[in-house]
Every structure is written in C-alpha cells, then in structure tokens.
Amino acid sequence: MMSAEEKSKNQPQEEENDFAAMREMVQREKERLQLLQQISAAANETDSVEEAFRIALDLVCEYTKWPLAHVFMPQKEDGAVTLVSSGIWVCDDCEENETFNFFQEVTAATTIPPGEGWLGRVFETRKPSWSINVLEEDDFLRNHRLQDLNVRAGFVFPVLVG
C-alpha cells in the first residue's frame, strides 16, 4: 500500500500523463475534423459524384495509411436495387501487386443485393461496420474467392445524401 507521501510524489507524473493523453486525443480529433473539412470542400468544388468519391478516397487513404479503397454504388434495374462496383479505386502499387489486381477483378464481378452480405447489411442499416479479418466474416460474400489473398481488415460505411 502506498503512503500519502508516495501518492503525492506520483501525482504530478500521473497528471502529466493524463494531460499528454488528452492532448493526443484532441490532436487526433482535430485531424479528423480537418479530413472531413477537406472532403466537404472537395465535394463542393467538383462537378461529378465520381470525382468527389475519388478525392474522398484519396484523402481517407492518406489519413489512415490504407493501401486500397473502393466505392460500391447502388444501381436500380427493373425496380430492384443492387450494389455494384463503381470502378472507383484508390490503390497503392496496384500495377505491381497481383493480390490487389485479383481483388479488384473479384470485386468488379460482384453484385450485392441490399441486406445480403456485409456490404448489403451496411447499405440496408445505414450503419458503418469494421472487421479486423473480413475472411472470418460469415457474410463477406467475396471470401470464398479471396481465401489465399492477404486482404484482411475492412471498413464499410454508407455515404448518406440528404
């Protein structure tokens, strides 16, 4: 058990640690707000949805240090909505990386009904979802074709307009 004297000696160090943690948290929040501001400004300045998505993906990948990002878009055909590849990608080293090339091919050939699979669930619920290992997700529809790839973590979020 610590004496009152020992506790008072440790208190300045604990307060300094708390202050450093709060400073770091404020800095991260400031960086996130700057990211959102950059995305909003770019979206307002561009003439197309596709270009706005491309800029947003570039900025998010730069912020998160992610090597790969992609946009699925809803497509309406005969009254039914499905999610399809938009063809919008951000990919570091895709030309040299066969893994990413194969991932892009599989993704381009995938259509997802709302509510079905991980992406369809996010589309339907309008709530983001994160996975440390997408291949362990029962509802990741592409996992049977991607088992041998080194694609693991994923983050899916809906872009809500209006």
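Data block above holds the structure.
A brief look at the structure comes next. Keep in mind it's a predicted model, so treat the numbers as computed, not measured.

**Examining the state of the cysteines**
Applying the stated criterion across every chain yields a total of zero disulfides. No disulfide involves Cys 61; its sulfur sits 9.0 Å from the nearest other cysteine sulfur, which is in Cys 91. Residue class for Cys 61 comes out buried when judged on its relative accessible area of 5%.

**Side note on the sheet that holds strand E3 (residues 111–112)**
Spatial strand order, E1-E2-E3: three strands in an open sheet with antiparallel pairing. Edge strands, defined here as strands with exactly one partner in the open sheet, are strand E1 (68–77) and E3. Running over the sheet, helix H2 (residues 49–64) touches E1 and strand E2 (80–91) and is turned about 55° from E2. Packed onto the sheet, helix H3 (residues 98–108) meets E1 and E2 and runs at close to 160° relative to E2.

**Section: the pattern of salt bridges**
Tallied over the entire structure, the rule returns two salt bridges. Among the ionic pairs, Glu 24 bridges to Arg 28, the shortest N-O distance being 2.9 Å. Of this pair, Glu 24 and Arg 28 both sit in helix H1 (residues 4–45), four residues apart, which is roughly one turn of the helix. Residue Arg 28 is classed as partly exposed on the basis of its relative accessible area, which comes to 36%. One salt bridge connects Arg 32 with Glu 29, and the closest N-O pair in it is separated by 3.0 Å. One end of the pair, Arg 32, and the other, Glu 29, are both in helix H1, three residues apart, so they sit about a helical turn from each other. Of the residues examined, Arg 32 reaches a relative accessible area of 36% and is grouped as partly exposed.

**Comments concerning the packing of aromatic side chains**
Using the criterion set out here, one finds three aromatic pairs in the structure. Ring centres of Trp 66 and Phe 155 lie 6.2 Å apart, and the angle between their planes is 55°; on these two criteria the pair is classed as tilted. On the criterion of sequence distance, the pair formed by Trp 66 in the loop between H2 and E1 and Phe 155 in strand E5 (residues 154–156) is long-range, its members being 89 residues apart. The class for Trp 66 is partly exposed, based on a relative accessible area of 26%. Consider the rings of Trp 130 and Phe 155, whose centres lie 6.2 Å apart with planes at 55°: the pair is tilted. Taken as a pair, Trp 130 in strand E4 (residues 129–131) and Phe 155 in strand E5 lie far apart in primary sequence, 25 residues in all. Under the relative-accessibility criterion, Phe 155 is labelled partly exposed at 37%. An aromatic cluster is present here, built from Trp 66, Trp 130, Phe 155 and Phe 157 joined pairwise through their rings.

**Examining the nonpolar core**
The tendency in soluble globular proteins is for nonpolar side chains to be buried side by side. Core analysis: the biggest nonpolar cluster contains nine residues, these being Phe 72, Leu 83, Ile 112, Trp 118, Leu 119, Val 122, Val 134, Leu 135 and Val 156. Considering each element in turn, this core owes the most residues, three residues, to helix H4 (residues 117–125). With residues near it in sequence (within four places) discarded, Leu 83 still touches Phe 72, Met 73, Pro 74, Thr 110, Thr 111, Ile 112, Leu 119, Gly 120 and Phe 123. Among the nonpolar cores identified, the runner-up in size contains seven residues, and Leu 57, Ala 69, Ile 88 and Val 90 belong to it.

**Section: the pairing of E2**
Across nine bridges, the pairing between E1 and E2 is antiparallel. Bridge pairing in E2 places Glu 77 opposite Ala 80. Taking the residues that link successive antiparallel strands as the turn, the E1-E2 hairpin has two residues, and the phi of Asp 78 there is positive, at about 55°. Sheet topology places E2 next to E3; two bridges connect them, and they run antiparallel. The residue of E3 that forms the bridge with Leu 83 is Ile 112.

Reading guide: rules and limits
- Residues numbered from 1 in each chain as written.
- Predicted model: local features only at pLDDT ≥ 70, side-chain atom pairs only at ≥ 80, totals over all residues.
- Heavy atoms only, no water.
- Disulfide = S-S within 2.5 Å.
- Buried < 20%, exposed > 50% of the residue type's maximum accessible area, 1.4 Å probe, protein only.
- Pairing = 2+ DSSP bridges.
- Helix = DSSP H or I, 4+ residues; strand = E, 2+ residues; numbered from the N terminus.
- Contact = heavy atoms within 4.5 Å.
- Axes fitted to C-alpha atoms, helices over the stretch in contact; angles between N-to-C directions.
- Salt bridge = Lys/Arg side-chain N within 4 Å of Asp/Glu carboxyl O.
- Phe/Tyr/Trp six-rings, centres within 6.5 Å; stacked < 30°, edge-to-face > 60°.
- Core = buried A, V, L, I, M, F, W, Y, C linked by side-chain atoms within 4.5 Å.

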